[in-house]
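# Summary of the model geometry
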Amino acid sequence: EILTCDWSSDVCSSDLYALTTTGQNAVVVDTLAAREKARAAGAPTRPVSTEGHAELWGIYQKETNKDLKGLILSTLGMMGASEKIIEVAKTEKDLDLRNRAIRSLGNMRSTLSGQTLLELYAVTPDVAGKKTVIDVLGMQDNAEALVTLARKESDFQLKRMIVERLVNMPKNKAAQDYLMEIIK
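Residues numbered from 1 in each chain as written. Predicted model: local features only at pLDDT ≥ 70, side-chain atom pairs only at ≥ 80, totals over all residues. Heavy atoms only, no water.

### A short note on unusual backbone geometry
- Its identity is not glycine, yet D141 carries a phi of approximately 55°, on the positive side.
- Following the sequence through the fold, D141 ends up in the loop between helix 8 (127–139) and helix 9 (143–152).
- With a relative accessible area of 48%, D141 lands in the partly exposed category. (Helix = DSSP H or I, 4+ residues; strand = E, 2+ residues; numbered from the N terminus. Buried < 20%, exposed > 50% of the residue type's maximum accessible area, 1.4 Å probe, protein only.)

### Looking at the nonpolar core
- L76, L105, L117, I134, I162 and L166 are the most contacted members of the largest nonpolar core, which has 42 residues in total.
- A per-element tally of this core places helix 9 first, with six residues.
- The contact partners of L76, leaving out residues within four places of it in the chain, are H53, L56, W57, A81, K84 and I85. (Core = buried A, V, L, I, M, F, W, Y, C linked by side-chain atoms within 4.5 Å. Contact = heavy atoms within 4.5 Å.)

### A word on the packing of helix 5 (residues 82–91) against helix 7 (residues 110–123)
- Their axes nearest at 11 Å, the elements helix 5 and helix 7 cross at an angle of 10°. The pairing of helix 5 with helix 7 is recorded here as roughly parallel in orientation. On helix 7, the residues that touch S82, I86, A89 and K90 of helix 5 are L112, T116, E119 and L120.
- Grouping the constituent residues of the contact of helix 5 with helix 7 by class yields four nonpolar, two polar and two charged. (Axes fitted to C-alpha atoms, helices over the stretch in contact; angles between N-to-C directions. Parallel < 35°, antiparallel > 145°, perpendicular 65-115°, else oblique. Nonpolar A, V, L, I, M, F, W, Y, C, P; charged D, E, K, R; others polar.)

Rendered as structure tokens:
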């Protein structure tokens, strides 16, 4: 039953929570990995209740296993729990998990995540995190946000990376206007 869990039932998240509290993290990791693999293969998913978000979020907050937290984070992203993903992106101390949350923001509409990504870029101390934000904004074709970053960025390598993303948006007026501006 756990492997076919659709996260819309209390039973599923309760079972997973019980497994994590009894030290059976391997089963939970396998379950979440199977769900992620099935979704990637195009398996149909059902709408998820906000109760499912809350319960899985509770498990994430209590969990110490980094791999399991990563899978939970991916599942939260698939569930559309944008507020939880944003919270992780802003507060997570582990750089790998934080960058994974930032990448999950790339799967959301840029109208929802664009401003958050700009805010994260401004407070992200490490270059890897900044590169992740640039990549995500590029994947979203969010030229306006990239232009905003390019105008403020003083690090040559990061600015170059931003410009490379803008070059890949030949039909975007904001991207083309900025590129013409820096050519002059």
